Amino acid sequence: MRQACFFDRDGVIIEEADYIHDPAQVRLCPFAAEAVRAMHDAGRLVIVVSNQSGIARGYFTEADLKAVDARMNELLAAEGAHVDATYYCYHHKKGIIPEYAIDCDCRKPKPGLFLRAAKDLDIDLANSFMIGDKESDLEAGINAGCKGVALVRTGHGVHQNIEKIPQAVDVGDVLTAAKELLAREDKSSTE
Ligand SMILES: [Mg+2]
Ligand SMILES: [Zn+2]
């Protein structure tokens, strides 16, 4: 089984902007490429898990999402980084596109995206990490059984309260989050 680090997309890998739908909007967050490389260097898969309810809401299409994805990958590649897979939730129960207007099992904080990735890629969730900019990202990681979760203070992270998740790493940026999760792991394995 492989170990993974799951990353939220908006506010973690690329700069948060409401319902990103245009490749021209895509900017990498500071140190995102370095954080991704750090996880690969530690032998982990890098998986993006992201709620994209703009599709259910009719704000943009799957083709738009693919174009944003391609731009993110292009910017990461320019910095020698890549993601191994992306898993998106298109759903929202109040959506207007019938096939996506459902109360699904994959909208974070539900763990469906993680479970799907684990099945597809033989991931050991109990030894995996989640980094997000919202409390619901961390809850999703916990609901999926991940052993380490981290909140970054970029994107929505600037106004998240995670008092309910005292075990979380709580740091400014995604590279610091990655390093801290890996450092805690080294520490617990030598104890
Ligand atoms: Mg986010
Ligand atoms: Zn979903």
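Just above, that's the structure.
Residues numbered from 1 in each chain as written. Chains lettered and ligands numbered in written order. Predicted model: local features only at pLDDT ≥ 70, side-chain atom pairs only at ≥ 80, totals over all residues. Heavy atoms only, no water.

Engineer: Would you mind going over the coordination of the magnesium ion (ligand 1) with me for this structure?
Structural biologist: Tetrahedral coordination by four donors sets the ideal angle at the metal to 109.5 degrees; octahedral coordination by six donors sets it to 90 or 180 degrees. Asp-8 (OD), Asp-10 (O) and Asp-133 (OD) make up the full set of protein donors to the magnesium ion (ligand 1), lying at 2.0 to 2.2 Å. Donor residues for the magnesium ion (ligand 1), ordered by position in the chain, follow D-x1-D-x122-D. Of this pair, Asp-10 sits in the loop between β1 (4-7) and α1 (32-41) while Asp-133 sits in the loop between β4 (129-132) and α4 (135-143), and the two are 123 residues apart along the sequence. Of the residues examined, Asp-10 reaches a relative accessible area of 11% and is grouped as buried. (Donors = N, O, S within 2.8 Å, 3.2 Å for Na, K, Ca; no water. Helix = DSSP H or I, 4+ residues; strand = E, 2+ residues; numbered from the N terminus. Buried < 20%, exposed > 50% of the residue type's maximum accessible area, 1.4 Å probe, protein only.)

Engineer: Would you take a moment to explain the pattern of salt bridges for this structure?
Structural biologist: Note on pairing: side chains with opposite charge can pair once their charged atoms come close. Within the structure shown, the criterion is met by 10 salt bridges. A salt bridge links Arg-71 to Glu-74, with the nearest nitrogen and oxygen atoms 2.3 Å apart. With Arg-71 and Glu-74 both in helix α2 (residues 62-78) and three residues apart, the pair spans about one turn of that helix. A residue is classified by how much of its surface remains accessible, and Arg-71, at 30% relative accessible area, is partly exposed. (Salt bridge = Lys/Arg side-chain N within 4 Å of Asp/Glu carboxyl O.)

Engineer: Looking at this structure, I do not really get the nonpolar core. What am I missing?
Structural biologist: What tends to happen in soluble globular proteins is that the nonpolar side chains get buried as a cluster. Counting 41 residues, the largest nonpolar core has Phe-7 and Ile-131 as its most contacted members. In this structure Phe-7 touches Val-12, Ile-13, Ala-35, Val-36, Met-39, Val-46, Ile-47, Val-48, Val-49, Met-130, Ile-131 and Val-174, once residues within four positions along its chain are discounted. Listed in part, the 26 residues of the second largest apolar core include Cys-89, Leu-125, Cys-146 and Val-149. (Core = buried A, V, L, I, M, F, W, Y, C linked by side-chain atoms within 4.5 Å. Contact = heavy atoms within 4.5 Å.)

Engineer: Which parts of the structure should I look at to understand the coordination of the zinc ion (ligand 2)?
Structural biologist: Within the protein, the zinc ion (ligand 2) binds to Cys-89 (SG), His-91 (ND1), Cys-104 (SG) and Cys-106 (SG); these donor distances fall in the range 2.0 to 2.3 Å. The coordination sphere of the zinc ion (ligand 2) comprises four donor atoms, whose angles at the metal cover 101 to 117°; the geometry is tetrahedral. (Tetrahedral: all angles 85-135°; square planar, octahedral: opposite > 155°, others 65-115°.)

Engineer: How should I be thinking about the packing of α1 against helix α5 (residues 174-190) in this particular structure?
Structural biologist: Each pair of packed helices can be summarised by the angle the axes make with each other and by the distance between the axes. Their axes nearest at 7 Å, the elements α1 and α5 cross at an angle of 20°. Judged by the inter-axis angle, α1 sits roughly parallel to α5. The handedness of the crossing between α1 and α5 is left-handed. Where α1 approaches α5, its residues Ala-32, Glu-34, Ala-35, Ala-38 and Met-39 are matched on the opposing element by Val-174, Leu-175, Ala-178 and Leu-182. (Axes fitted to C-alpha atoms, helices over the stretch in contact; angles between N-to-C directions. Parallel < 35°, antiparallel > 145°, perpendicular 65-115°, else oblique. Left-handed = near helix turned anticlockwise from the far one by under 90°.)

Engineer: What should I look at first to understand the layout of surface pockets in this one?
Structural biologist: Volume-wise, the largest pocket comes out at about 410 Å³. As for the largest pocket, its lining consists of 21 residues, of which Asp-10, Glu-16, Asn-51, Lys-134 and His-156 are closest to the centre. Of all the secondary structure elements, the ones that give two or more residues to the lining of the largest pocket are β2 (45-51) and α4. Within the lining of the largest pocket, the residues separate by chemical class into four nonpolar, seven polar and 10 charged. In this model, the second largest pocket occupies a volume close to 150 Å³. Looking at the second largest pocket, the residues that line it are Phe-129, Ile-142, Cys-146, Lys-147, Gly-148, Val-149, Gln-167, Leu-181, Arg-184, Glu-185 and Ser-188. Residue assignment for the lining of the second largest pocket shows that the elements contributing at least two residues are β5 (148-152) and α5. Tallying contributions element by element places α5 first for the lining of the second largest pocket, with four residues. (1 Å grid on protein atoms, 1.4 Å probe; cavity = no way out; pocket = protein on both sides within 12 Å on 5 of 7 lines; lining within 4 Å. Points joined across faces, edges and corners; volume = space filled by probe spheres on them. Nonpolar A, V, L, I, M, F, W, Y, C, P; charged D, E, K, R; others polar.)

Engineer: When you look at the sheet that holds β1 in this model, what are you seeing that I'm missing?
Structural biologist: The pairing of strands in a sheet happens through backbone hydrogen bonds and is either parallel or antiparallel. A sheet is described by the order of its strands in space; here six strands give the open sequence β3-β2-β1-β4-β5-β6, paired in parallel fashion. Strands with a single pairing partner mark the edges of an open sheet, and in this sheet they are β3 (85-89) and β6 (169-171). Each strand of the sheet is rotated relative to its neighbour by a mean of 20°, with strand direction disregarded. Taken together, the five bridges between β2 and β3 define a ladder with parallel strand orientation. By the bridge assignment for β3, Val-49 is matched with Tyr-87. Across the sheet, helix α3 (residues 112-121) is in contact with β1, β2, β3 and β4; its angle to β3 comes to roughly 145°. (Pairing = 2+ DSSP bridges.)

Engineer: Just to check I follow, could you spell out the environment of Gln-25 for this structure?
Structural biologist: Mapped onto the secondary structure, Gln-25 falls in the loop between β1 and α1. We classify Gln-25 as partly exposed; its relative accessible area is 27%. Each C-alpha atom, one on Gln-25 and one on Tyr-59, is 15 Å from the other, the two residues being 34 residues apart in sequence. With residues up to four places along the chain from it excluded, the contact list for Gln-25 reads Ala-17, Tyr-19 and Ile-20.

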